[in-house]
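Observations on chain architecture
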Amino acid sequence: MNKSAQTEGVKQKIALWGVGSWGIRIAGSIQSEYQQRVEVVGVDSDVQSLICSSLVHKIIIGEKTVRSRGLRRDTGKVEKAFRESEAKIKSKLADCRALLIVGGLGGGVGSGVIPALCNCARELKIFTIAFVTHPFKFEGKKKNLLFQKAREEIEKGPVGLACFSLDRLVGRIEDDTPHEEVFRHCDRILKEAVECMISYLTAPPQRGGDYALLESIFSSPGETVMGIREAAGPNHLITAVKGALSALSLNATELGMIKGVLLQLETGGSISFRRLEQAIGAVSGVLSEDVDLLYTIDKSKEKGEKIMVRIMAAGVPEEGENAAGQAIPVTLTADRPPAKQTEINFKRLARGMFVNTDPTLFEGEDMDIPTFVRKGVSLE
Amino acid sequence: MTQKRDIITGLDVGTTKICALVAEREENGDIRILGVGTYPSRGLRKGEVINITEAVASIEKAVSQAENICEFEVTSVIAGITGSHIQSFNSRAVLPVANPSIGVTRKDMFRAIDAAQAVPLPRDREVLHVIPQEFSVDDRKGIADPEGMEGVRLEAQVHLVSGEVAARRNLVNCITQAGFEVEEFVLQQLASSLAVVRKEEQQSGVVLVDIGGGTTDYVYFRDEIIRHTRVLGVGGDHLTNDISLGMKLLLRQAEELKKKYGSALSDRVTGDDELAILDALVRPATGLSRKKLDRIIELRLTELFHLLRRDLEEEGHFQSIGSGLVLTGGGSLQKDIAALAGQITGLPVRIGTPFGVSGLREIIDSPIYSTAVGLVKYGFLRRSSTDRSRGTGDRVPGVLFNGIKRWLDRYF
């Protein structure tokens, strides 16, 4: 972080805390790429899971209370363990400007520690967003009740909550998909969601960092969904945006009920204003008029001329219900912007020997087309 | 008992030509070229295989030519790899030193390098090279060899080169079907740099630009460390295509005109000449303007060097280039190209030809053999490193290339 840019007395650090073995795994997968932007910390009562993790910063909670073992759904023990380590946790959080928490709420360490951590961050007036998962329905009522209890606790204060339903995440899988593949998919979605948020929070002020709006988006009741798509070639931005929208797996009615969207574009090339306008128009065109939409553009040399689009939409009613818990009325039409008539650029067809190959794109220009054609230079 | 000969074959599978080069390391360590074979490339576009059958036939012919000259049967090759799919970036990782009381160990260094290369890649991509750059111990930065230094925190910085799995597999299939085993793939510009860039240049900052038929590949060195690599999907074929479309000629006529008369500077010619081409069966052989030809070439190459300059500026390297540019590859033979590159970048520019090898000098003393010579030099360096590590029981990272003998010598 640029020290000269720091304002005295203003907290600068953004931290990502992975809670419980699953949260630690997700945080660990993010550490290598984002450690320059955020401080990644692992929190667990189970020493074994921390030992196995590659995270640089680790906090063991309740060493005396639980003697370095898991907490396993014992809320009394969780409270005691957390109180035991509270001073250590608060000191680590002292210089934080924003805190991202990731973990599961399925009755393990996450269910106990994440709400307590949110309380702690609330006391310290730290902007906080928790990324959690709603357990699978098949895991039983008890697990789902523990989830509800933990969720209610988190929602008490001004804390953002991005809650991903595991049932929705795996909604489209084939019957013969191996279970390891399914869990990997869930890990990836959570990881991408956290990365998307880090990208927004650490973007320059003109491209991100509206904390108030972000908090408002992620305070909406309901679930969060994520759509990711990468594209290359001509019109890659709009192709990727449409693909990511489709990957949200929501119908027109559900799309219309979204409360807020965070859109992240990641590319090595540059994006023209017109293309950006088109892309954001494509997103807002399928959403209701009062939706809050935030976007950020991340430069990544690794992407080259490809573009990666991540859309995180919050406030989606739980499957089969609207925000008030009623059955969703089916709408057959959705207001869409009228189609635009565009001009075909015939110069772009002058590709000669490269006519049947993928275009070589740099900043939206196809380098396979002769320079004199693209630049409009007369040879006579 | 006859001693086993230390022979390596480099295979440069380019978009316009395939070059096989067989070289032997003599007892005193000198590298001698035994055989060279070149054959026009078929079945490749922009550095990637688009027709396996045609590419296999071209590889067979190039290697067979080299075998005939040196009377040695080639069984395996070290091959160059390029293409628009190649991407590279720098990555770093910080780890605690395992035992601060004894300082940084080689094991710590390898752990840090391993952590720095643990970058998630899409399923269709893979890491081709992990090039260690430098280390930091606590707050001490820019350390080439931290072994034995005291500290609690070790940071490794590496340069990662990745490519598409399918592109590499296609190339492996072609070479295997031609009857040869692939010992290793090496990024083309890294190989070329071994052949034409000198140590002093690497120290003071140099950009090696290998202009091939389908791509322009470059690598930037500073303090003998590879800082940046990139592949631009624009090469000599784009010049030929531009000439063909601009002057309404067949591709082979455009290629002939480019090589015979073309210049990268259009204002070098006063007045205008009418050019003639030999291959006039289909199109008129006269009435072709030299000024028009040079203008087409100048526009394309100007754009290419501007792209190169901008990329280096954006990466923050441009101001640190002390030794300028070294142009190599077939594209560097274009007349006046060095002068144009110098005008655009404001840097000293030279054309790089292979050095540090003997035998068949009259053939290989040309920029078109840089990659092939670099491949065999790489092979011998690698072989020495592996031999040394066997002696000490240390491991050699699976995908190591330094481009700098210093690194190989220091660590293995």
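As the structure is a computational prediction, the values presented were derived from the model and not from experiment.

Below, the discussion takes up unusual backbone geometry. All names here are of chain B. Unusually for a residue other than glycine, E71 sits at a positive phi of about 55°. Mapped onto the elements, E71 comes out in the loop between α1 (52-70) and β6 (76-81). What makes E71 exposed here is its relative accessible area of 72%. Although it is not a glycine, K248 adopts a positive phi angle of roughly 55°. For K248, a relative accessible area of 59% puts it in the exposed group.

The next point concerns the state of the cysteines. Tallied over the entire structure, the rule returns zero disulfides over all chains. No disulfide involves C120 of chain A; its sulfur sits 9.9 Å from the nearest other cysteine sulfur, which is in C118 of chain A.

Residues and elements named next belong to chain B. Across the sheet, five strands lie side by side as β3-β2-β1-β6-β11; this open sheet has mixed pairing. Looking at the sheet topology across the chains shown, the edges are occupied by β3 (31-40) and β11 (181-187). The average angle at which neighbouring strand axes cross in this sheet is 20°, direction not considered. As judged from the two bridges shared by strand β1 (residues 7-13) and β6, these two strands associate in the parallel manner. In the strand pairing of β6, G10 is matched with I78. Sheet strands touched by α1: β1, β2 (17-25) and β3. Its angle to β3, the strand with the most contacts, is close to 145°.

Close approach of charged atoms allows side chains with opposite charge to pair. Overall, the coordinates contain 42 salt bridges over all chains when judged by the stated rule. The partner of R310 of chain A in a salt bridge is E195 of chain A, and the shortest N-O contact between them spans 3.3 Å. Here E195 of chain A lies in helix α8 (residues 179-201) and R310 of chain A lies in strand β10 (residues 307-316), a separation of 115 residues in the sequence. Look at E195 of chain A and you get buried, because its relative accessible area is 2%. With a closest N to O distance of 3.8 Å, E256 of chain B and K260 of chain B form a salt bridge. Note that E256 of chain B and K260 of chain B are positioned in helix α7 (residues 251-260) at a spacing of four residues, about one turn of the helix. A single network of salt bridges, built from pairs that share partners, joins R188, K191, E192, E195, E266 and R310 of chain A.

Turning our eyes to something else, we now look at the packing of helix α6 (residues 236-247) of chain B against α7 of chain B. All names here are of chain B. One can describe the packing of α6 onto α7 by two numbers: an axis separation of 8 Å at closest approach and a directional angle of 110°. The angle between the axes of α6 and α7 places the two elements in the roughly perpendicular class. Note that α6 runs across α7; the crossing there is right-handed. Together, G236, L239, T240, N241, I243, S244 and M247 of α6 and L251, A254, E255, L257 and K258 of α7 make up the contact between the two elements. Taken together, the residues of the contact of α6 with α7 sort by class into six nonpolar, four polar and two charged.

So, about the confidence of the model for chain A. All names here are of chain A. With 83% of its residues at a pLDDT of 70 or more, chain A shows a mean pLDDT of 78. Here residues 1-8 scores under 50 on pLDDT; set against residues more than four positions off or in separate chains, the count is four contacts. Across residues 342-348 the pLDDT falls below 50, and counting only partners more than four positions away or on other chains, this stretch makes five contacts in the model.

Take the packing of helix α1 (residues 20-34) of chain A against α8 of chain A next. Residue and element names in this part refer to chain A. At a minimum axis separation of 10 Å, α1 and α8 run at an interaxial angle of 50°. Comparing the axis directions of α1 and α8 gives the class oblique. In the packing of α1 onto α8, the handedness of the crossing is right-handed. Where α1 approaches α8, its residues W22, R25, I26, S29, I30, E33 and Y34 are matched on the opposing element by D187, L190, K191, V194, E195 and I198. In the contact of α1 with α8, the residues fall into seven nonpolar, one polar and five charged.

Cut-offs applied
The numbering scheme is per chain: residues are counted from 1 as the chain's sequence reads. Chain labels run from A onward and ligand labels from 1 onward, assigned in the order the entries are written. Owing to the predicted nature of the model, reporting of local features is limited to residues with pLDDT of at least 70; listing and counting of side-chain atom pairs is limited to 80 or more, with chain, interface and lining totals taken over all residues. Side-chain numbers here rest on the full set of heavy atoms in the structure, without hydrogens or water. Helix and strand assignments follow DSSP, with helices taken as H or I runs no shorter than four residues and strands as E runs no shorter than two, numbered in order from the N terminus. To sort residues, take the accessible area from a 1.4 Å probe on protein chains only and compare it with the maximum for the residue type: under 20% means buried, over 50% means exposed, and anything in between is partly exposed. The disulfide criterion is simple: two cysteine sulfur atoms within 2.5 Å. Two strands qualify as a pair provided DSSP detects at least 2 bridges between them. The angle between two axes is taken between their N-to-C directions and runs from 0 to 180 degrees, where each axis is a line fitted to C-alpha atoms and a helix contributes only its stretch in contact. Residues count as neighbours in contact if any of their non-hydrogen atoms are within 4.5 Å of one another. Throughout this description, the term salt bridge denotes a Lys or Arg side-chain nitrogen within 4 Å of a carboxyl oxygen of Asp or Glu. Each angle gets one of four labels, with under 35 degrees taken as roughly parallel, over 145 as roughly antiparallel, 65 to 115 as roughly perpendicular, and the rest as oblique. By definition, any crossing whose near helix is turned counterclockwise from its far helix by less than a right angle is left-handed, and any crossing with a clockwise turn is right-handed. In this count, Pro and Cys sit with the nonpolar residues alongside Ala, Val, Leu, Ile, Met, Phe, Trp and Tyr, while Asp, Glu, Lys and Arg are called charged and the others, Gly among them, polar. pLDDT is a residue-level measure of predictor confidence that goes from 0 to 100.

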